[in-house]
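Next come the chains, spelled out residue by residue.
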Amino acid sequence: MDAETGIGASVLRKEDARFITGKGQYTDDISVFGQTHCVFVRSPHARAKINSINTDPAMAVDGVIRVFTGDELVEDGIGDLPCGWVVNSKDGSPMVSPPHPPIATTVVNYVGEPYAFVVAETLQAARDGAEAVEADFDILEAVVDTATASSSTQIHENAPNNQAYDWELGDKEATDAAFENADHVTELDITNNRLIPNAIEPRAALGSYDAASSTYTLYTTSQNPHVERVVLALFVNVAPEANLRVISPDVGGGFGSKIFVYAEETAVIWASAKVGRPIKWRADRSESFLADAHGRDHVTKAQLALSSDGEMLGLRVKTIANMGAYLSTFSSSVPTYLYGTLMAGQYKTPAIYVETQAVFTNTSPVDAYRGAGRPEATYVVERIVETAARELNMDPVELRRKNFIPPDAFPYQTPVALEYDTGNYAASMSKALELADSDGYAARKAASEANGKLRGIGYSCYIEACGIAPSQLVISLGAGVGLFESAEVRVDVSGSVSVMTGSHSHGQGHETTFAQLVSDRLGIPFDSVNVIHGDTGRSDYGLGTYGSRSIAVGGSAIDKALDKIIAKGKKIAAHMFETTEDKVNFAEGQFSYEGSNEPKPFAEIAGAAYIPAVYPLDELEPGLSEKAFYDPKNFTYPAGSYVCEVEIDPSTGVTEIQKFVAVDDFGNVINPMIVEGQVHGGLAQGIGQALLEHGIYDADGNLSTGSYMDYTMPRAADLPDFEVDMTSTPCTHNPLGVKGCGEAGAIGSPAAVMNAITDALGVKDVPMPATPHTVWETIQQGA
Amino acid sequence: MYSFNFRRASNIEDAQQIHQSSSDAVYVAGGMTLIPSLKLRLANPDDVVDLSQIEGLSAISSNDGVVSVGAMARHCEVAATSDIPALASLASRIGDAQVRNRGTIGGSLANNDPSADYPAAVLGLGATIHTNARAIAGDDFFVDLFETALEDGEIITRVDFPIPKRAAYAKFANQASKYAVVGVMVAETDAGVRVGVTGAAACAFRLTSFEEALSANMSASALDGIDVDSSDFNSDLHASAAYRGSLVTVMAKQAVEQLAA
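Within every chain, residues take consecutive numbers counted from 1 along the sequence as written. The naming scheme follows written order: chains are lettered A onward, ligands numbered 1 onward. Thresholds applied to this predicted model are a pLDDT of at least 70 for local features of residues and 80 or more for the giving and counting of side-chain atom pairs; totals over whole chains, interfaces and linings are not thresholded and use all residues. Where side-chain values are given, they derive from all heavy atoms of the structure, hydrogens and water being excluded.

Draft legend 1. Examining the layout of surface pockets more closely. Considering only enclosed or pocket space, the second largest pocket measures out at about 830 Å³ in volume. Residues are said to line a cavity or pocket when one of their atoms sits within 4 Å of a point; the points come from a 1 Å grid over protein atoms alone, cavities being sets where a 1.4 Å probe fits but cannot get out and pockets being open sets with protein on both sides within 12 Å along at least five of seven lines. The wall of the second largest pocket is formed by 42 residues, among which His-694, Gly-695, Ile-696, Met-768 and Pro-769 of chain A lie closest to the centre. Going through the elements one at a time, strand S8 (184–192), strand S13 (298–306) and helix H19 (772–782) of chain A together with strand S11 (166–173) of chain B are the ones with two or more residues in the lining of the second largest pocket. Secondary structure elements follow DSSP: runs of H or I no shorter than four residues count as helices, runs of E no shorter than two count as strands, and numbering proceeds from the N terminus. With six residues, the single largest contributor to the lining of the second largest pocket is H19 of chain A. Grid points are joined across faces, edges and corners, and a volume is the space filled by probe spheres set on the points.

Draft legend 2. Structural view of the side chain of Thr-536 of chain A. Residues and elements named next belong to chain A. Positionally, Thr-536 belongs in the loop between strand S21 (529–532) and helix H15 (550–577). Residue exposure (1.4 Å probe, protein chains only): buried if accessible area is under 20% of the type maximum, exposed if over 50%, otherwise partly exposed. Thr-536 sits in the buried class, given a relative accessible area of 9%. Engagement of the side chain of Thr-536 in a polar contact is seen with the backbone nitrogen of Val-246, the distance being 2.9 Å. Leaving out residues up to four positions away in the same chain, Thr-536 has contacts with Pro-225, His-226, Arg-229, Leu-244, Arg-245 and Val-246. Here a polar contact means two N or O atoms within 3.5 Å. Within protein one must be a hydrogen donor candidate and the other an acceptor candidate, and residues neighboring in sequence count only if both atoms are side-chain atoms. Any two residues whose heavy atoms approach within 4.5 Å at even a single point are treated as in contact.

Draft legend 3. Structural context of empty space enclosed by the protein. All names here are of chain A. Following the criterion strictly, the structure yields eight cavities of 30 Å³ or more and no others. Computed from the structure, the largest cavity encloses a volume of approximately 190 Å³. Along the walls of the largest cavity sit 21 residues, with Leu-81, His-100, Tyr-110, Tyr-262 and Pro-365 positioned nearest its centre. Looking at the lining of the largest cavity, the elements that each hand over two or more residues are helix H7 (263–275) and helix H8 (285–291). Among the residues forming the lining of the largest cavity, the class breakdown is 14 nonpolar, four polar and three charged. Throughout the structure description, domain borders are defined by an automatic or database domain assignment. Domain assignment of the residues forming the lining of the largest cavity places at least three in each of domain 2 (31–140 + 200–253 + 258–291) and domain 3 (298–469 + 634–782). Computed from the structure, the second largest cavity encloses a volume of approximately 70 Å³. Taken together, Arg-296, Asp-297, His-298, Ala-321, Asn-322, Met-323, Ser-331, Val-334, Pro-335, Val-366, Asp-367 and Glu-376 make up the full set of residues lining the second largest cavity. In the lining of the second largest cavity, the residues fall into five nonpolar, three polar and four charged. Under the scheme applied here, ten amino acids are nonpolar (Ala, Val, Leu, Ile, Met, Phe, Trp, Tyr, Cys and Pro), four are charged (Asp, Glu, Lys and Arg), and all others, including Gly, are polar.

Printed below as a string of structure tokens:
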């Protein structure tokens, strides 16, 4: 295959030319005839009873067409925004999901929750209208704090103790026994700070209804347009599924926040039929801070039982997870099945018991954000392992090595449900240490000390579960959807190929990676492959892109469809060679037969498929187009070793990352450059979490960090030059041997940074983000 | 944004006349504070009076030991000057590139944000602020939070900075906004040692205890043991008053060390 464009080649991204020259077509770039504009009227209160809403003054504003309140949606049969994964509590009872009308009707439960929306001829008029809406509220006491939420005022009638569920995983008795037999117990109380996603493109939606055909078209910023469509049709009752087309065009970043089905697109698609004209909404940045689902926000107590020589015997984790005001689309799965199941990490800890209490607060809903549960799990495991090593006076590297699941133990059944297929953790660790020049660390530390600086080194050996997921497994655990992926490979008469994928690219580079896969397998030019995604009218179905699943699940579906294309091609070629298909070989773009010295290029077979002269049409249908649905057999398990070295100026509390090494095992890699880019982005977000980013609410439930003046996004200057490398143990259960790379950096890095900072300061914990102020205060407390 | 009348002034008198004749007018220089406020609908003036086309307001010149910076000079233009390196360095660290390409010294000083950088330079270098009506000594200019000695409608025309013997500005920037959490300008001038502090309190101020110590001994160690009273300092999400108090000393020492370098 073409070494410059095939599997394993760092092909420059096809899509970048349009993105970097401003020619991308994002939702807000799309305008349709007769379009109106929409502005949502949002609660200024964290918790309040709505006594009345007067829309008359808004209707009087010049240019305002209609003002809608939540009652009108309810009267029209529009349902609540659902949470699609039912998690059961310890006692077997299902989670509590409070009513979540898209537009609030009787109460508002977080600042920014919409309670009305205005449709107008212009955006300006819609804004004026929104300001003119009058609402009378009884302000109620707000619940904000994660740790104390369950003992605070009850928010939802059906949720005593503000609890959504109290979940457990693992063997409690075996874990208790492990602690009884332990020589040493390490305890760690840590928090995982709330993050606000901040994709570069704010969410947007353009809904239009065509009365002539009774069909709806929704353009929106979704990571999973088919999921959006099925939820809006089946649960929210906006329209029959067949009459609703969802198009998710170019999307500028998602990080999870664009998985979910939100109030805004629900409102505009529904109202477009009421108004009889298309309606557009685009969030501004201030709105995004309030209206996008946030991430993380855990408070955790962890205990690790060890033998005196550092053998990990048992792990107990008790977490309170802040869900915000309502259960967002997939929120319930994040601090449970995407979290507790990862508590074995890379280690053979035999007994693990995890409890998660999910609580409601009067804050924006919290849902999956890059890594979704796995960064939180890695943070717990890797912080407590490092802490244990310090307490036992062991080298943290040695403690890890002693407890790694060895390469010959795979497949390895963890005590927390997952079965890892493959891995070689010691290999990643060795490579990382080499790159980190760990031998030279002592000299570097001495040099820092001579300059009045504090130096620390920290490690993080993460594991994650990607390629979500075997459908029957997740459905048995409460998921409301299967998690397979679909693909269609449509070969043209000329031999060029269109690929319709259910995966969705919002920055990942699928148009390039998937084209490499197709071009490699069919032996056709890279440029003759066109990857199409993000349109329920063009691809059969799709579960979309999140959880680093696109190559492992979406790519495998394409691969499966390619198998079918090649199989049919062999049948056609067999007729041309006048032999049987089992005697036809296909390699490097050529169908060949040992009885012939004239191999048939792929394009010739494509032509023959559509100009069916050579094969019997009662045996073989004309054309060359195949579909496949691929359901994964297991999760995939990317893993890696990260090393972070920091230098802290004790006079200011400023932490500078002087070295960051990331060695990841993603199995086989299609495009190393794109993978490296994904790692860089993930590291930036993970380091952002560790040092910079924090969603803070005040005691009244106002978001204090609601703009870039106060919420610190990582900038290039905040980050070191990353040293990135890879090891590879190919996935054993998907056809490509791939694992997924989108979240690893964000999963593995916070613990590495915080282990380095706590090492430098000689303290057990510093809360994230370790801002200069926080670090300085930590130093003052110790002084 | 609410709608407003955009009024482009052709000269200072014109600007002031428009301002006086309007029931609610605001000047726009670089717009780095005003435009975001307008966009967020936090301001709703009837008239926005644009000063950008007034001739001669953006010139930067250097004569007789004084660098004279026109009020409409942009931060990037001040950053490109050479006669007072500490002033150029300060300007080069304001905000980000977009802000430096639009924001002006006059706009910044008139706004008097407690975390703005320029007030430290005005106090530390002993500048004089010239308006269409008068000259105001820098020491008298900053009154309180977002409050200056400017009368309603008065327009800054230029700022005169005496060239110091040597000066340095040390800044601890807010990680998110890049405003100064604390910024300290230390200068050795013909009129003695001056220390201007911004970011720490409601508005910029001179720190006379540091000035006295450095007059006697221009070294970082001269500041050891001098208590900085932070009881009235700003305290917010990003920095407590005590942290700001500590940073005043740390930044002043950094500035002194830069002087020596």
